[in-house]
Every structure is written in structure tokens, then in C-alpha cells.
Amino acid sequence: MKKAFLQLHIAVLLAGFTGILGELITLNEGLLVWYRLMIAAVTLWVLMWATGRLQRLPVKEALKISGIGFLSALHWVFFYASIKYGNVSIGLVCLSAVGFFSAILEPLLNRVPIKRTELVLGLCSVFGIYLIFHFDAQYKLGIILGFISSFFAALFPILLKFSMKRTNMQTVLTWQMTGGFITLSLVMPLYLHLFPVATLLPSLPDFLWLLVLAWLCSVVAFQFSMSALKKLSAFTVSLSYNLEPLYGILMAFIILKENKSLNNGFYLGFTIISLTLILHAVILKRSRRKDLV
């Protein structure tokens, strides 16, 4: 159990580190995600083939997961754009709006009633983001992009759940990354026409950070999460991932010194969002205990 908890929190810490890498890598958000997906997809195909974990999928199912992969790619593009036009803390704190979108999208797609508690908690997170925007309008574009990112971050896992009922997680992730890479490749010519760059190739430091992003923060983090799931419940794993923005923001403060450029509005909004996450965790735990009883 101790090993499982250690693996889980390493995975969450690596997920939080993706925001730092978004600032360190000088490529624009589109190319950054394209390279990340390419490296991760190739790595996963090699690993899954070597370990025999890859399931054979019908063409229709592979295309479906690939399409969902495009949605996840859009999430990452908007997430890194939020960091580029705002900062790491803004990009990460906007991810808290995922709860608001999930509270609406999941019941809508599953055709079940909306849970009022989840909707209220989601709105509290949105209010925290509004306070940050209200007090410091310089991050307006970054917050808008982060808000769009959180919409896609809420949407694609809900859609993936249907596929994971029939297919193992390793196969789903491999096709998700592959589909995201292929579909993003199709729109990259238009993207680069709208947002031209001086060079398509990453510098040596960028390439090394991309390897860290693809290998450690994607492949290794996923493997640690899967290992932790063997000992811990899916509930514990999903709840622990609420710490991702907190870990990421603390790292941004320590590594990038972002706390010097943030005003009181950010801290007020972040405090409300943090309290909302804590309250949500308490409610989920109580609900879980009732279900067990």
C-alpha cells in the first residue's frame, strides 16, 4: 500500500510538472503538443507491443478512440496556450473549472439528472477564477484559453469511459495518443498558417524537455497510475489527482518565482478554489462510506 501511494503521488507530481515544462519549452503550444504526442505514441506502441498488453480493436472502435484523442489534444493545446499567454499558475488554476463542466457534461451524455452539489461546487471554482480575472485583467486571454482547455479536459475522459468498459487502459491510451497525433497533424498546416513560426524543429534544450514531457509526464506517469490502481481504488486515484494544480503551482512558485508577479486577487481566487476542492473531497468520502454501508 505504501508503494502504491508513493507511485500515485509521483504520478500526480509528474502531471503537475507539465505546466512548468510548458513554460520552459519555447515552441508554440501547437508544435509542443504535436511533438509530445508523437514521442508518446511511438513509445507506447513499442512498449505495449513488447509487453503484449495491446488488444486488437475493431476499426470503428479504433477510430472512435482516435477521435477522442483529438479532443484530448485540443485540451493540451489550449492548456499550453493558457500558460504561454498567461503563466503556469493561471493555466493550472483554470483546470479547476473541469469540475463545473463535468457536473454538466457527464449527466448530459449519460442521460441522468444533474447532481446539484457537484454543480454548486463547480460554480464555486468558476467564481474563484472570476475573482482572479476581476482583480488582474492582464491574464484575460490566458484565463479564457484555460477555461476552454478545462472544457475539453472534462469532455474527453467522459467519452473514454465508454471505451474503457470494453478495452484495457493501455490500449485506450495508446490509441488516444496515436489518434491525437494523427488528427493534430492534419490540422497543423492550417494552424501554422494562422500562427507562423520561425522554425519547426525544437532546439536541443526543447527536445530534451519534450522527452521529459512525453516519457516521464505521460508514459511513466501513466504506468505509475496503473500500478497504483492495482492496490488502490479508482476513487482514491481520481481524488488524489485534485492535487495536480496545487503541486504545479507550488513548483511554479519555487522554480519560476511566479509568486512575485501575482497579486492578491489570484490568492483570493485560489483560496476559494482550494477550499472547494477540499469540500468536494470530504463530500465524496462521506458518499463513498454510505455506499459501502
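Here's what I pulled together on the structure shown here. Because the structure is a prediction, the values reported are computed rather than measured. (Residues numbered from 1 in each chain as written. Predicted model: local features only at pLDDT ≥ 70, side-chain atom pairs only at ≥ 80, totals over all residues. Heavy atoms only, no water.)

### Considering the layout of surface pockets
Roughly 210 Å³ of internal volume is contained in the second largest pocket. For the lining of the second largest pocket, the secondary structure elements donating two or more residues are helix H3 (59-85) and helix H8 (169-194). Here the residues of the lining of the second largest pocket sort into twelve nonpolar, no polar and one charged. (1 Å grid on protein atoms, 1.4 Å probe; cavity = no way out; pocket = protein on both sides within 12 Å on 5 of 7 lines; lining within 4 Å. Points joined across faces, edges and corners; volume = space filled by probe spheres on them. Helix = DSSP H or I, 4+ residues; strand = E, 2+ residues; numbered from the N terminus. Nonpolar A, V, L, I, M, F, W, Y, C, P; charged D, E, K, R; others polar.)

### Notes on empty space enclosed by the protein
Evaluation of the coordinates by the stated rule reveals one cavity of 30 Å³ or more. For the largest cavity, the calculated volume is near 50 Å³. Around the largest cavity, the lining residues are Val93, Ser96, Pro245, Leu246, Phe270, Ile273, Ser274 and Leu277. For the lining of the largest cavity, the secondary-structure elements that each account for two or more residues are helix H11 (244-255) and helix H12 (264-292). Looking at the lining of the largest cavity element by element, the count peaks at four residues for H12. Looking at the lining of the largest cavity, its residues break down into six nonpolar, two polar and no charged.

### Structural notes on a nonpolar patch on the surface
Taken together, the side chains of Tyr85, Leu141, Leu190, Leu194 and Phe195 present a nonpolar region at the surface, about 510 Å² in accessible area. Secondary-structure assignment places Leu141 in helix H7 (residues 140-164). We classify Leu141 as partly exposed; its relative accessible area is 43%. (Patch = residues over 30% accessible without salt bridge, like charges linked within 9 Å, V, L, I, M, F, W, Y side chains within 5 Å. Areas by Shrake-Rupley, 256 points an atom, 1.4 Å probe, with all protein chains shown as cover. Salt bridge = Lys/Arg side-chain N within 4 Å of Asp/Glu carboxyl O. Buried < 20%, exposed > 50% of the residue type's maximum accessible area, 1.4 Å probe, protein only.)

### As for the packing of helix H2 (residues 29-51) against H3
Across the interface, H2 lies against H3 with an axial gap of 8 Å and an inter-helix angle of 135°. Judged by the angle between their axes, H2 and H3 are oblique. Judged by the twist between their axes, the crossing of H2 over H3 is right-handed. Contacts between H2 and H3 involve Glu29, Gly30, Leu32, Val33, Arg36 and Leu37 on the former and, on the latter, Ala73, Trp76, Val77, Tyr80, Ala81, Lys84 and Tyr85. Class assignment of the residues belonging to the contact of H2 with H3 gives a composition of nine nonpolar, one polar and three charged. (Axes fitted to C-alpha atoms, helices over the stretch in contact; angles between N-to-C directions. Parallel < 35°, antiparallel > 145°, perpendicular 65-115°, else oblique. Left-handed = near helix turned anticlockwise from the far one by under 90°. Contact = heavy atoms within 4.5 Å.)

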